[in-house]
Amino acid sequence: MFDQSIITKLQQISGKDQVLTDKADLICYSYDATQKQYLPDVVVHPGSAEEISQIMKLASENKIPVFPRGAGTGFTGGSVPTAGGIVLGLTRLDKILDIDEENLVATIEPGVVTAEFQKTVEKVGLFYPPDPASLKVSTMGGNVAECAGGPRCVKYGVTKDYIIGLEIVTPTGDVIKTGGPTMKGVVGYDLTKLICGSEGTLAIITEIVVKLLPKPEAKKTMLVLFDSIDGAAQAVSAIIRGKIIPTTLEFLDARTLDCIRQATDLDVPAAARAVLLIEVDGDREFLDKQVAKVSSIVQPLGVVETRVADTPEQSEALWQMRRSISASLRQVNPDKFNEDICVPRSKVPDMIRKIESISDHYQIPIVNYGHAGDGNIHVNIMVDEKTPGDHEKAEKAVFEVFQGALELGGTMSGEHGVGIMKAPFLDMELKANTIDYMKTIKRALDPNNILNPGKIFPSDV
Amino acid sequence: MAKLKKLEDYRDEIDQCVKCGGCRAHCPAFGAEKHEGRVARGKIALADSLLKGDVELEEKFLLDMSQCLLCGSCYSQCPNKVHTEDIVAATRREIANRKGLSTFGKGVGTVLKHQGVMNLLAKGGGAFSKLLFKKIPEQSGLRLRFPAPFISSDRTLPPLTSKPFRERHPEVIPGDPDKPTVLFFTGCGINYMYPDSGEALLKALKFIGVTVIIPKAQVCCGLPAVSAGAANTVESLAEENLAVFQQNKYDYIVTACASCHSGLTQIYPGMGEEFNEFRDKVKDIFVFLIEQGFADKLAQLPKRQDQVKVTYHDPCHLRNHGITAEPRAILKALPQVDFVEMEDAGTCCGLGGTYSVYHYDTSKKIGAKKAGFIKESGAELVATDCPGCIMQLQDSINHADEKQRVVHILDLVAEVLPE
Ligand SMILES: Cc1cc2nc3c(=O)[nH]c(=O)nc-3n(C[C@H](O)[C@H](O)[C@H](O)COP(=O)(O)OP(=O)(O)OC[C@H]3O[C@@H](n4cnc5c(N)ncnc54)[C@H](O)[C@@H]3O)c2cc1C
Ligand code: SF4
Ligand code: SF4
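Being a predicted model, the structure only gives us computed values, none of them experimental.

1. Side note on the overall build of chain A
Looking only at helices and strands, chain A has 16 helices and 18 strands in total. Taking 461 residues into account, the globule formula puts the C-alpha radius of gyration at 23 Å, and chain A, at 23 Å, falls close to it. Seen along its three principal axes, the alpha-carbon backbone of chain A occupies a region of about 70 × 60 × 40 Å. Within chain A, buried positions represent 56% of all 461 residues. The long-range share in chain A, meaning contacts at least 24 apart out of those at least 6 apart in sequence, stands at 72%. When the accessible surface of chain A is summed, it comes to about 19,200 Å², and 51% of that surface belongs to carbon and sulfur atoms. The centroid of the 48 positive side-chain charges in chain A is displaced by 2 Å from the centroid of its 62 negative side-chain charges.

Here is the structure:
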């Protein structure tokens, strides 16, 4: 616990009610979805960029670490206060400042919840595509900081593809703007893209300028069951070669299907060894044609069954299989290590086979599903932490999964970022001089190393 | 002996929470005040810390634990099906254990003591007529819901009846011998505040010819006491009701109150084996009526020209247990009803056991949101299946300066049945 005078100053900046120091309050801001827990010394909920600027100056003077936090749904510990200090809760900055229907641009604060933003723009016929599974709770600030992605990204791209400008507070307390509301802009470095995915280590985002699209009129869902993962993977390439880019191309592997068969009464034929959940969107009159075309393209590739939804209820029923995964997995084993590797699309079957052999070697269930369209695989290593040895086995398996992904030209993380969870593995993927280049940027922008220290880089910057 | 579980019995349940934060989208308490201590995830972290001895029963801890409606909205959407409402209730009992009942929820200890209440009532006046309030037994949940000194004066309350429902009828109302016999568990809300809904239920049951038993010895289900952390009260109420259930002969126990339904089917079975045999007999009145083919009978009545627009509010304690279709099916079958669905029909009304007493401001915020959805639906009437919700929804609508009336579905059913 640091000086009371710091607390007093924080209270002067943001108001007494916005500064929390009671143990019960600190506990509530000590974790994220990694379930790792570190107590901060104080939690502050600032109400403006100006307040944040003052807080950063105070923190710089006193070398106090500051940990920006959105909704705390991160999967890599990005918002967890690993070194005590200040948790900077950004959820009070939750206003949608402007929706410019003429230029298809919105300006919002970082605490806006992703789904709320989507709902609001959709009311005026516009569309913000990135759809992380956590969107009902995650904040747009957290999405930008992690460059979140989701099923729709195969067609529409990830968060950074929609962020064209930012207002940020630098680690030393300056408030600056990057980019702006124009679709083009090449004056100076692209700082906007630098901040996207920087995991709260380079700046605190206080305003976001977002590019929007017209909302597609309709969508149509189909579920295709294959007799092998190779068939499903070939289908993905064939569909894209056929000049159809579905909005969603989710796959479930054989072991995921086994879990679903065990845990639910959903109809999964025994012959099915892989499933693709496919959604196409666009003008209503084209959708039936697209679905028919997809069906005929995939037919020769070992299709066991094709189900097409004609109503929203039927579509929901098809999604049921995808949505049942999480609960089904828990019946296999209570605890899971959840990784989100990404490999070139065509390498998905190779990767699945590698993972199957890792699973067999360590005798622990590993189930895979994810975004087949962009090769992003959610690898779920299922263990029971209460069983001695399980934890260690899982750690070894994680390492081999990363190794496998890298050998195939992939990456350790497609969506969730590095944070503290993948920091120890950073040099597996990045060359020393690349890491140095990054650290140089971090040192230059955050000379006191106070903004989200201990994240991304395994050792001191 | 009926025994409620202790906080340490929830160790495994607590460990099931993976901190995904999904509950932030569904918790009404968090929706009203966006502090992590308000949401299920935060409360579970706090309960965990308490068990590990990492936190004391400090003021903020008590506040967070009191800021929960026990509505189970978190549970119904939780990927791991963590029963936060049970964990919070157990934590409240733990608090009451360590610090005495009155620590938690201010006046709860006082209202339970007969003499104390009466004195306070005499001094402070209160929302209800003193004479009528005297009729309510000291352990009734209504006393916890309306500890008079804490009831805000701008709150709309239904008048208390001068003749409670159960005093109006014989214990057995015989029906057709070929039809089942049901025990009507009235609950305090219908007995003291909304006896007309009880009459409506009798009319419906008479219409289909079932025999109804209304035991005079039945008492409050105990749910408000669960909310208050008053373990002994819950346990003794449960035992009294158990005796009633054991002494009578019937095929089903019907409720017309979501809270009672939840008390009988969710809370009691956790208190001892002896309650299990009754759990499966308990039926919400609309589930029972649907099973008896009542909706078809209603559908045969000629549709009215002058239909009213009616929307439905899902009481949390029915929604959590999957009872959403039956009340709607009855409403849709009614000849005078033009049914419209409102947005988020399943979000909590904001009453939450004793919550609205101690946190009337946040309770009002939650209610205001609901009132907005009701308005947008265009309905003139809001029908539901829980006296507590009726009271809270009407209060919220009045505060929003709107005109919609809130009724029990049974009231609408009675309108179309012959005398
Ligand atoms: C069930 C579940 C499903 C998920 N599904 C997906 C998915 O499909 N795709 C995906 O990409 N991710 C997913 N995630 C991960 C997570 O939801 C995302 O990373 C999300 O973007 C985090 O948002 P948040 O508001 O919770 O941020 P937090 O977890 O609070 O913070 C995340 C990081 O952002 C930083 N940060 C937050 N706000 C700011 C700000 N204003 N300025 C600067 N830095 C900031 C923090 O310091 C931290 O490093 C999922 C998580 C869960 C629990
Ligand atoms: S209670 Fe359920 S929804 Fe909430 S954080 Fe825990 S696991 Fe997630
Ligand atoms: S029971 Fe209701 S109020 Fe309590 S934590 Fe769950 S959702 Fe929130």
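2. Some thoughts on helix 4 (residues 59–66) of chain B
Side chains of residues three or four places apart in an α-helix project in the same direction, reflecting 3.6 residues per turn. When we look at burial in helix 4 of chain B, the residues that qualify are Phe61, Leu62, Asp64, Met65 and Ser66 of chain B. Elements in contact with the buried residues of helix 4 of chain B: helix 2 (23–28) of chain A together with helix 3 (40–52), helix 6 (84–99) and helix 22 (355–358) of chain B.

3. As for the site of ligand 2
Lining the immediate surroundings of ligand 2 are Cys17, Val18, Lys19, Cys20, Gly21, Gly22, Cys23, Arg41, Ile44, Cys78 and Pro79 of chain B. Tallied by class, the residues present in the shell around ligand 2 amount to seven nonpolar, two polar and two charged.

4. A word on the nonpolar core
Formed by 124 residues in total, the largest nonpolar core has its most connected members in Phe61, Leu205, Phe245 and Ile285 of chain B. Apart from the residues within four sequence positions on either side, Ile285 of chain B is in contact with Leu201, Leu205, Val254, Thr255, Ala256, Asp385 and Leu410 of chain B. Listed in part, the 50 residues of the second largest apolar core include Val236, Val291, Val348 and Phe402 of chain A.

5. Quick notes on unusual backbone geometry
Residue and element names in this part refer to chain A. Located in the positive-phi region is Lys63, a residue other than glycine, with phi close to 50 degrees. Inspection of the secondary structure puts Lys63 in the loop between helix 3 (49–62) and strand 3 (66–69). Phi at Asn449 takes a positive value of approximately 50 degrees, unusual for a residue other than glycine. The topology assignment puts Asn449 in the segment after helix 16 (432–445).

6. So, the state of the cysteines
Residue and element names in this part refer to chain A. Tallied over the full model, the rule gives zero disulfides over all chains. Looking at the unpaired Cys147, the closest cysteine sulfur is the one in Cys196, lying at 6.1 Å. When its relative accessible area of 13% is taken as the criterion, Cys147 is described as buried.

7. A few points about helix 16 of chain A
End to end, helix 16 of chain A covers 20 Å across 14 residues, agreeing with the expected 20 Å (1.5 Å per residue, within 8%). For helix 16 of chain A, the secondary structure elements touched by its buried residues are helix 15 (426–429) of chain A.

8. Considerations on a positive patch on the surface
Taken together, the side chains of Lys119 and Lys123 of chain A together with Lys34, Lys365 and Lys369 of chain B make up a positively charged region of the molecular surface. Of all the elements in the fold, those that place two or more residues in the positive patch are helix 4 (114–123) of chain A together with helix 23 (360–377) of chain B. Within the secondary structure, Lys365 of chain B sits in helix 23. Taking the relative accessible area as the measure of exposure, Lys365 of chain B reaches 47% and is therefore partly exposed.

9. So, the site of ligand 3
Residues and elements named next belong to chain B. The full set close to ligand 3 counts 13 residues, and Cys27, Cys68, Leu69, Cys71 and Cys74 are the nearest of them. Listing elements by their share of the shell around ligand 3, those giving two or more residues are helix 2 (28–32), helix 3 and helix 5 (73–77). Taken together, the residues that form the shell around ligand 3 break down as nine nonpolar, two polar and two charged.

10. Considering a nonpolar patch on the surface
Residue and element names in this part refer to chain A. A contiguous nonpolar surface patch, about 480 Å² in accessible area, is contributed by Ile176, Tyr189, Leu191, Leu194 and Leu445. Along the chain, the position of Leu194 falls in helix 7 (residues 191–195). Judged by its relative accessible area of 32%, Leu194 falls in the partly exposed class.

11. Describing the packing of aromatic side chains
Residue and element names in this part refer to chain A. The full count for this structure, using the stated rule, is eleven aromatic pairs over all chains. Ring pairs connect the aromatic residues Phe117, Tyr128 and Tyr162, which therefore count as one cluster. One Lys or Arg, Lys211, reaches over the ring of Tyr162 and ends 5.8 Å from the middle of that ring.

12. Quick notes on the interface of chain A and chain B
Tallying the contact residues gives 25 residues for chain A and 29 residues for chain B. Where chain A abuts chain B, roughly 2,100 Å² becomes buried across the two surfaces, and 51% of that area is made up of carbon and sulfur atoms. Connecting chain A to chain B are two salt bridges. Two residues, Lys60 of chain B and Asp25 of chain A, come together in a salt bridge whose shortest N-O distance is 2.6 Å. Counting every contact that joins chain A to chain B gives 13 residue pairs in polar contact (both at pLDDT 80 or more). When contributions to the side of chain A that touches chain B are tallied by element, the ones reaching two or more residues are helix 2 and helix 12 (325–332) of chain A. At five residues, helix 2 of chain A tops the list of elements feeding residues into the side of chain A that touches chain B. Grouping the amino acids of the side of chain A that touches chain B by side-chain chemistry returns ten nonpolar, six polar and nine charged.

Scoring rules and cut-offs
Residues numbered from 1 in each chain as written. Chains lettered and ligands numbered in written order. Predicted model: local features only at pLDDT ≥ 70, side-chain atom pairs only at ≥ 80, totals over all residues. Heavy atoms only, no water. Helix = DSSP H or I, 4+ residues; strand = E, 2+ residues; numbered from the N terminus. Rg over C-alpha atoms; globule rule 2.2 N^0.38 Å. Buried < 20%, exposed > 50% of the residue type's maximum accessible area, 1.4 Å probe, protein only. Contact = heavy atoms within 4.5 Å. Areas by Shrake-Rupley, 256 points an atom, 1.4 Å probe, with all protein chains shown as cover. Lys, Arg positive; Asp, Glu negative; His and termini not counted. Charge placed at Lys NZ, Arg CZ, Asp CG, Glu CD. Near = heavy atom within 4 Å. Nonpolar A, V, L, I, M, F, W, Y, C, P; charged D, E, K, R; others polar. Core = buried A, V, L, I, M, F, W, Y, C linked by side-chain atoms within 4.5 Å. Disulfide = S-S within 2.5 Å. Expected span 1.5 Å × (residues − 1). Patch = residues over 30% accessible without salt bridge, like charges linked within 9 Å, V, L, I, M, F, W, Y side chains within 5 Å. Salt bridge = Lys/Arg side-chain N within 4 Å of Asp/Glu carboxyl O. Phe/Tyr/Trp six-rings, centres within 6.5 Å; stacked < 30°, edge-to-face > 60°. Lys NZ or Arg CZ within 6 Å of the ring centre and 35° of its normal. Buried area = accessible area lost by both parts, 1.4 Å probe. Polar contact = N/O pair within 3.5 Å; in protein donor to acceptor, adjacent residues only side chain to side chain.

Nothing here speaks to function; it is all geometry.
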